[in-house]
Amino acid sequence: MASGQHRETLLGLGADEVIDYITTNVAEAVSDIDFIFDVVGASVIEASFKLLKPEGTYVGIASNAYNLVGKYAEQYQKKGIWFIVEADTNDLTQLAHLTDEGHLKPRIEKVYPLEQARQAYERLLEGHLRGKIVLSV
């Protein structure tokens, strides 16, 4: 699920189908979902739980969903998990090797010089990014 402007990007990444949440009522388009990986959080979390199969699983990573996952998991009697990634040196080294070998291709929206860190942060706050914001030192 994404806005239509991201359709081709997502298909290129391997998505079988992209639902434009702006033009489509998602609750009418899909149901009985096995797994939802939510990066948005609070504004979509309850609707996400409603779309899950009885044995479905919701995983949320948005910080604004932290206090809501347990509430909706209990209310809808579904499995709900919230987590945040804590990177360590071994994981980052492995990711660097995968990137160097061409197995992992990070998507970069824009590279900003360090002097434009404020503009980079403001762009991040706007949301709807198609990749990562990078500061060049």
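Predicted model only: the values in this text are computed from it and were never measured. (Residues numbered from 1 in each chain as written. Predicted model: local features only at pLDDT ≥ 70, side-chain atom pairs only at ≥ 80, totals over all residues. Heavy atoms only, no water.)

Visitor: What am I meant to see in the packing of aromatic side chains here?
Guide: We describe a pair of aromatic rings using the distance from one ring centre to the other and the angle between the two ring planes. In total, this model carries 4 aromatic pairs according to the counting rule given. Pairing phenylalanine 49 with tyrosine 72 gives two aromatic rings, centres 6.4 Å apart and planes at 35°, and the pair type is tilted. Taken as a pair, phenylalanine 49 in helix H3 (residues 45-51) and tyrosine 72 in helix H4 (residues 69-76) lie far apart in primary sequence, 23 residues in all. A network of ring pairs unites the aromatic residues Phe49, Tyr58, Tyr72 and Tyr76 as a single cluster. (Phe/Tyr/Trp six-rings, centres within 6.5 Å; stacked < 30°, edge-to-face > 60°. Helix = DSSP H or I, 4+ residues; strand = E, 2+ residues; numbered from the N terminus.)

Visitor: What exactly am I supposed to notice about the sheet that holds strand S3 (residues 79-82) here?
Guide: Working definition: the strands of a sheet are paired by backbone hydrogen bonds and lie parallel or antiparallel to each other. Pairing is parallel across the open sheet formed by 3 strands, whose spatial order is S1-S2-S3. With partners counted over all chains shown, the strands left at the sheet margins are strand S1 (33-38) and S3, one partner each. Across the sheet, the axes of successive neighbouring strands diverge by a mean angle of 10°, strand direction being ignored. When strand S2 (residues 52-60) meets S3, the two strands line up parallel, connected through 4 bridges. Its bridge partner lying in S3, tyrosine 58 is registered against glycine 80. (Pairing = 2+ DSSP bridges. Axes fitted to C-alpha atoms, helices over the stretch in contact; angles between N-to-C directions.)

Visitor: Sorry if this is basic, but what is going on with the environment of arginine 118 here?
Guide: Considering the arrangement of structural elements, one finds arginine 118 in helix H6 (residues 117-126). On the accessibility criterion, arginine 118 (65% relative accessible area) is exposed. C-alpha of arginine 118 to C-alpha of isoleucine 33: the two residues are 85 residues apart in sequence and 40 Å apart in space. (Buried < 20%, exposed > 50% of the residue type's maximum accessible area, 1.4 Å probe, protein only.)

Visitor: Sorry, what's going on with the nonpolar core here?
Guide: Ile19, Val26, Ile36, Ile45, Phe49, Leu51, Leu52, Tyr58, Ala65, Val69, Tyr72 and Ala73 form the largest nonpolar core, which has 12 residues in total. Put simply, the parts of the chain that give this core at least two residues each are H3, S2 and H4. Ignoring sequence-local partners within four residues, the contact set of leucine 51 consists of Val26, Ala27, Val30, Ser31, Asp32, Ile33 and Ile36. (Core = buried A, V, L, I, M, F, W, Y, C linked by side-chain atoms within 4.5 Å. Contact = heavy atoms within 4.5 Å.)

Visitor: Even after reading the chapter, I still don't get a nonpolar patch on the surface, so can you show me in this structure?
Guide: Residues Phe35, Phe37, Val39, Val40, Ile61, Ile81, Phe83 and Val85 make up a contiguous nonpolar surface patch of about 700 Å² in total accessible area. The residue isoleucine 81 is located in strand S3 in this model. (Patch = residues over 30% accessible without salt bridge, like charges linked within 9 Å, V, L, I, M, F, W, Y side chains within 5 Å. Areas by Shrake-Rupley, 256 points an atom, 1.4 Å probe, with all protein chains shown as cover. Salt bridge = Lys/Arg side-chain N within 4 Å of Asp/Glu carboxyl O.)

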